[in-house]
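Descriptive structure summary
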Amino acid sequence: MRFDIMTLFPEMVMGVLSESIIGRAQEAGVITVKAHNIRDFSKDKHRKTDDTPYGGGRGMVMTCQPIYDCYTHILGELGEGEKPHVVYTSPKGRLFDHGVATELSRYTNLIILCGHYEGVDQRVLDEIVDEEISIGDYVLTGGELPACILVDAVSRLIDGTLPEAVCHEDESVASGILEYPQYTKPRSFMGREVPEILLSGDHAKIDRWRLERAVELTRERRPDLLLLHPEKEEALKPKTKRKRTRTEDGAAT
Ligand code: ADE
């Protein structure tokens, strides 16, 4: 999968995405991430990328031309083929979650436009953007951090990014509810012990204990998730045995 990020701060984006697992996924060729500096496409003699808003008001608005030219440059790099999906990171967008990340992971090419200042001229958004995505109900100073969050969350769903394919199945929210607590060595830390059951080697009991803790934590912190996934709590209930009845000729059913 390839990500193209249109931004005024390419170093900021690439700095974050060159580290750790996402950096390694790029080195391994599982994903490609390229940041494009919108300013490089400005035809203004001072390389301006913003202007005052029509109708008055505070702040500056990003202009159409450099963004549009940056976009067509990316299309040129991608060549023929499937049209890339274009996302604009904005607090006005649909809320990002695991489901949205899964949807986005199905595209081969994703272009992300990062906004700044008071916004972006609506006409270029109408021309190139397929959807706006928000990472939460708060306003950041720019779309770069949201873009990094999108790339990170989507990339880890791509086969080959995480060391084991199963890793993301168990984790908080990906499985539908919050993840159980984890422990590693040493067995004792500041008088706090690792729960005995995790040392028992009884994997059926450990699995059950983990599910109990996950359900307990979710009930406490995110009861809304349990309403969406009642099967998690159901799995903890003792299985009721089906009553055996006898037919008229005495055979058991
Ligand atoms: N840009 C500024 N704030 C944002 C947010 N909450 N989500 C996505 N993009 C943004």
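Residues numbered from 1 in each chain as written. Predicted model: local features only at pLDDT ≥ 70, side-chain atom pairs only at ≥ 80, totals over all residues. Heavy atoms only, no water.

Moving on to the overall build of the chain. Per the secondary structure count, the chain includes 10 helices and nine strands. The burial tally for the chain puts 39% of its 253 residues in the buried class. Contacts in the chain between residues far apart in sequence, at least 24 positions, make up 71% of those at least 6 positions apart. Surface summary for the chain: the accessible area is close to 15800 Å², and the carbon and sulfur share equals 52%. Placing the 33 positive and 43 negative side-chain charges of the chain at their respective mean positions leaves the two points 7 Å apart. (Helix = DSSP H or I, 4+ residues; strand = E, 2+ residues; numbered from the N terminus. Buried < 20%, exposed > 50% of the residue type's maximum accessible area, 1.4 Å probe, protein only. Contact = heavy atoms within 4.5 Å. Areas by Shrake-Rupley, 256 points an atom, 1.4 Å probe, with all protein chains shown as cover. Lys, Arg positive; Asp, Glu negative; His and termini not counted. Charge placed at Lys NZ, Arg CZ, Asp CG, Glu CD.)

Take the site of the ligand next. For the ligand, the full set of nearby residues is Thr-89, Ser-90, Pro-91, Ile-133, Ser-134, Ile-135, Gly-136, Tyr-138, Val-139, Leu-140, Gly-142 and Pro-146. About the coverage of the ligand: the protein hides 96% of its 260 Å² of free accessible area. When residues of the shell around the ligand are traced back to their parent elements, those giving at least two are β5 (85-95) and β7 (131-134). Residues belonging to the shell around the ligand are distributed by class as follows: seven nonpolar, five polar and no charged. (Near = heavy atom within 4 Å. Nonpolar A, V, L, I, M, F, W, Y, C, P; charged D, E, K, R; others polar.)

Tracing the backbone through its elements, the reader meets Asn-109 in strand β6 (residues 109-114). Look past the residues within four positions of Asn-109 in its chain and what remains in contact with it is Arg-2, Leu-78, Glu-82, Pro-84 and His-85.

When the domains of the chain are assigned, the result is domain 1 (2-155) and domain 2 (171-238). Averaged C-alpha coordinates put domain 1 and domain 2 at centres separated by 37 Å. (Domains from an automatic or database assignment.)

All right, on to helix α2 (residues 20-27) then. Within α2 the residues assigned to the buried category are Ile-22, Gly-23, Ala-25 and Gln-26. End-on view of α2: buried residues confined to an arc of 160°, all on one side of the axis. The exposed residues of α2 that point more than 90 degrees off its buried face are Arg-24 and Glu-27. Summarising the contacts, the buried residues of α2 are in contact with α1 (10-17), β2 (32-37) and α6 (144-155). Phi turns positive one or two residues past the end of α2, at Gly-29, with a value near 80°. (Arc of directions from axis to C-beta.)

One can describe the packing of α1 onto α6 by two numbers: an axis separation of 10 Å at closest approach and a directional angle of 30°. The orientation of α1 with respect to α6, classified from their angle, is roughly parallel. In this structure, α1 crosses over α6, and the sense of that crossing is right-handed. Counted together, Met-12, Val-13, Val-16 and Leu-17 of α1 and Glu-144, Leu-145, Cys-148 and Val-151 of α6 form the full contact between these two elements. Considering only residue class, the contact of α1 with α6 consists of seven nonpolar, no polar and one charged. (Axes fitted to C-alpha atoms, helices over the stretch in contact; angles between N-to-C directions. Parallel < 35°, antiparallel > 145°, perpendicular 65-115°, else oblique. Left-handed = near helix turned anticlockwise from the far one by under 90°.)

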